[in-house]
Amino acid sequence: TAAHQMGAAPSALTDSSSASLGQFGCHGNSSEKSQPLSTGSANSFAPSGHSRQSSSSSSATARLQQTLKRRVAWLRRRSSPDPARQFRAFIADWSSADLRVLLDEFEALHALKDAHLGAAAARPQCSSLCQDLGCLLRTGLGSDARLILGDYPLDLCVPGGLDPELLRALLAYLYCGEVSLARLSAPATVAALCHELGAPGRLSDDLAQLLDTGHLADCVLIFEEAEPRARRIELPCHRALLACRSPFFAGVVEKRLAAARRHRRRRLVRCAVHGGGDGVGDAQLAEPPLALVLDEAVLPRRLAPAMLTCLYTDRLPDCLALRDLMDLHEIGRFLELPCLTRASEDLLVESLCPDTLVPVLDWSGAGTGSAWVHRQARLFLCEEFAALAVQAPRVLTQLSRRELLAALRSDFLQAAESDVLSALIAWGEAQVAARAAEIVA
């Protein structure tokens, strides 16, 4: 009956979905009571002075609403405040064989729910910062130094001498923060290296310091003046970090470096031919920082610091607004930054609460949203449905028809029949009120 009542509004539940909602008590009233509503509810928005049939239909609608509300109140009074006591009374006269069957059924449902949660939590793999830096070391992309062992002695006094194997392990530790050689972790070797090179800090702390200070920065992100009052902004960074974390930036950096090398070779040839007559010196031959001018339509300048923080630390600041997290997710997909996409998804799921549930569901269910976030938001709705129906009923009235149907059809909806029916009635009343407001406007 509730489904018929909401059928009066264009955005309400259709008659085809009323059968699926019947299992929650939506078909409790007789067909005689629902018939006047289905024929006359469309006239409930008509101005005064209309026919007696319109008045009769309105009164029938009011009577039906009161009947449904009394049904909800009766269900609430009937329900026991102690679910455990009610369940014990229900199975008091069951045989041991029936109880065993019930237990097997509960165990099977529990296993099914665990499998469902595992499937909902699955998402594509994302490489960590250490893995990306290890790949950077292996490929040498954007490298600006070469270590040659044997031609020029490196003045490092370590037990057993510095051989290629130990040097590779040392570089792997500097890049990834992981010890890949047992000899490198020997106390004598560690003491010698700390004496020669200084005690190393944590990789995450060192990278965060590089970002904060801009030390040894060889790249700069430039935001031009998009508006008359907007000033030019330059953010120093390191091209190696950009290249190893994003295939998009890797292609840009490689292309720009190739062009810079060709330009440098031409200047060297010109300098050699003219014998330095054109005033080309070492300072002028030094490679300038790589400048990348960014379009604010793709990456707004207000979000650039957060993106760089994620590149260097695999984390995003906790103070970002919900809309900023959604924008960063789309930026990560466009710029091929899996670390940014995952970090924004994690914070969006952590921020789920009654105030953010509806916006997250609407955004994640759209084409540019995140399917993983959408699954987590739907799970949150199913788990907290009963609490939302009592403590924040307005949240349920703001749900779209698609999200409400998905929750009611879920096998894991955590709510009693009375809570479901109450939420359904409130949702229908909100749809009718919204439609009335549109007609008046």
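Procedures and definitions
Residues numbered from 1 in each chain as written. Predicted model: local features only at pLDDT ≥ 70, side-chain atom pairs only at ≥ 80, totals over all residues. Heavy atoms only, no water. Helix = DSSP H or I, 4+ residues; strand = E, 2+ residues; numbered from the N terminus. Buried < 20%, exposed > 50% of the residue type's maximum accessible area, 1.4 Å probe, protein only. Areas by Shrake-Rupley, 256 points an atom, 1.4 Å probe, with all protein chains shown as cover. Pairing = 2+ DSSP bridges. Patch = residues over 30% accessible without salt bridge, like charges linked within 9 Å, V, L, I, M, F, W, Y side chains within 5 Å. Salt bridge = Lys/Arg side-chain N within 4 Å of Asp/Glu carboxyl O. Core = buried A, V, L, I, M, F, W, Y, C linked by side-chain atoms within 4.5 Å. Contact = heavy atoms within 4.5 Å. Phe/Tyr/Trp six-rings, centres within 6.5 Å; stacked < 30°, edge-to-face > 60°. Lys NZ or Arg CZ within 6 Å of the ring centre and 35° of its normal. Axes fitted to C-alpha atoms, helices over the stretch in contact; angles between N-to-C directions. 1 Å grid on protein atoms, 1.4 Å probe; cavity = no way out; pocket = protein on both sides within 12 Å on 5 of 7 lines; lining within 4 Å. Points joined across faces, edges and corners; volume = space filled by probe spheres on them. Parallel < 35°, antiparallel > 145°, perpendicular 65-115°, else oblique. Nonpolar A, V, L, I, M, F, W, Y, C, P; charged D, E, K, R; others polar. Expected span 1.5 Å × (residues − 1). pLDDT = per-residue confidence, 0-100.

Novice: Looking at this model, I keep getting lost on the overall build of the chain. Mind explaining?
Specialist: A count of helices and strands for the chain gives 22 helices and 3 strands. The burial tally for the chain puts 36% of its 441 residues in the buried class. Surface exposure of the chain reaches about 25500 Å², of which carbon and sulfur atoms provide 56%.

Novice: So what exactly am I meant to see when it comes to the pairing of strand 1 (residues 219–223) here?
Specialist: A regular strand places its side chains so that they alternate between the two faces of the sheet. Of all the 5 residues making up strand 1, 5 are buried; the element is thus mostly covered by neighbouring parts of the structure. In the sheet, strand 1 pairs with strand 3 (residues 290–293) via 4 bridges, with the strands oriented parallel. Bridge assignment links Cys219 to a residue of strand 3, and that residue is Leu290.

Novice: Looking at this model, I keep getting lost on a nonpolar patch on the surface. Mind explaining?
Specialist: On the surface, a cluster of nonpolar side chains totalling about 500 Å² of accessible area is made up of Phe87, Phe90, Phe106, Leu109 and Leu112. Elements represented by at least two residues in the nonpolar patch include exactly helix 5 (83–90) and helix 6 (96–121). Considering every element that reaches the nonpolar patch, the biggest residue donor is helix 6, with 3 residues.

Novice: Even after reading the chapter, I still don't get the nonpolar core, so can you show me in this structure?
Specialist: Soluble globular proteins tend to bury their nonpolar side chains together. Leu221, Leu242, Met307, Leu308, Leu316 and Leu381 are the most contacted members of the largest nonpolar core, which totals 67 residues. The element contributing the most residues to this core is helix 14 (residues 304–313), with 7 residues. Look past the residues within four positions of Leu221 in its chain and what remains in contact with it is Ile233, Glu234, Leu235, Cys237, Leu242, Leu292, Leu294, Met307 and Leu308. Among the nonpolar cores identified, the runner-up in size contains 8 residues, and Leu162, Leu166, Leu170 and Leu181 belong to it.

Novice: I'm lost on the packing of aromatic side chains in this one. Help?
Specialist: Geometry of an aromatic ring pair is reported as the spacing of the ring centres plus the angle between the planes. Under the defined criterion, the tally for this structure stands at 3 aromatic pairs. Relative to Phe249, the ring of Phe248 has its centre 5.5 Å away and its plane inclined at 70°; by these criteria the two rings are edge-to-face. Judged by relative accessible area, Phe248 falls into the partly exposed class, the value being 33%. A cation sits over an aromatic face here: Arg123 above Trp372, 3.8 Å from the ring centre.

Novice: So what exactly am I meant to see when it comes to the sheet that holds strand 3 here?
Specialist: Within a sheet, each strand pairs with its neighbour through backbone hydrogen bonds, oriented either parallel or antiparallel. Taken together, 3 strands build an open sheet; the order of strands is 2-1-3 and the sheet is mixed. A strand with exactly one partner marks an edge of an open sheet, and here the two such strands are strand 2 (233–237) and strand 3. Across the sheet, the mean angle from the axis of one strand to that of its neighbour is 25°, orientation sign disregarded. Along the sheet face, helix 14 touches strand 1 and strand 2 and points at about 5° away from the line of strand 2.

Novice: In this structure, what is going on with the pattern of salt bridges? I would like to understand it.
Specialist: In a structure, side chains of opposite charge can pair up when their charged atoms sit close to one another. If you walk through the whole model with that rule in mind, you get 18 salt bridges. The partner of Asp314 in a salt bridge is Arg245, and the shortest N-O contact between them spans 2.7 Å. Within this pair, whereas Asp314 is found in the loop between helix 14 and helix 15 (322–334), its partner Arg245 is found in helix 11 (residues 239–245), the two being separated by 69 residues in sequence. Relative accessible area serves as the criterion here: at 29%, Asp314 is assigned to the partly exposed category.

Novice: Honestly, the layout of surface pockets in this entry has me stumped. Any pointers?
Specialist: If a probe as big as a water molecule is rolled over the atoms, it shows which places are left empty. Size it by volume and the largest pocket reaches roughly 1700 Å³. If you trace the largest pocket, you find 42 residues lining it, with Leu137, Leu170, Leu171, Leu174 and Tyr175 closest to the centre. Going through the elements one at a time, helix 7 (129–139), helix 8 (164–176), helix 9 (187–197), helix 10 (203–213) and helix 11 are the ones with two or more residues in the lining of the largest pocket. The greatest single-element share of the lining of the largest pocket, amounting to 8 residues, is contributed by helix 8.

Novice: Sorry, what's going on with the packing of helix 14 against helix 16 (residues 338–350) here?
Specialist: Packed helix pairs are characterised by how far apart their axes lie and by the angle those axes make with each other. It is at 9 Å that the axes of helix 14 and helix 16 come closest, and there the two elements cross at 105°. In this view, helix 14 runs roughly perpendicular relative to helix 16, as classed from their interaxial angle. Note on element contacts: helix 16 touches helix 14 through Cys339, Leu340 and Ala343, opposite Met307, Cys310 and Leu311. Here the contact of helix 14 with helix 16 is composed, by residue class, of 6 nonpolar, no polar and no charged.

Novice: Looking at this structure, I do not really get helix 8. What am I missing?
Specialist: In a regular helix each residue adds 1.5 Å, so 13 residues correspond to 18 Å; helix 8 covers 18 Å between its end C-alpha atoms and thus fits that length. In the core, the buried residues of helix 8 are packed alongside helix 7, helix 9 and helix 10. Within two residues after helix 8, Gly177 carries a phi angle of roughly 75°, on the positive side.

Novice: What am I meant to see in unusual backbone geometry here?
Specialist: Of note, the phi angle at Leu216 is positive, near 60°, even though the residue is not glycine. Within the secondary structure, Leu216 is located in the loop between helix 10 and strand 1. Although it is not a glycine, Asp314 sits at a positive phi angle of roughly 65°.

Novice: What should I look at first to understand helix 7 in this one?
Specialist: Since the α-helix turns once every 3.6 residues, residues separated by three or four places project in the same direction. Regarding helix 7, the residues found buried are Leu129, Asp132, Leu133, Gly134 and Leu136. Elements that come into contact with the buried residues of helix 7 comprise helix 8, helix 10, helix 11 and helix 14. Of the residues flanking the end of helix 7, it is Gly140, one or two places downstream, whose phi is positive at about 70°.

Novice: Mind showing me how you'd approach the confidence of the model for the chain here?
Specialist: In this model, the chain carries a mean pLDDT of 78, and residues with pLDDT of at least 70 account for 74%. Within the model, the stretch residues 1–54 combines pLDDT values under 50 with 75 contacts to residues more than four positions away or in other chains.

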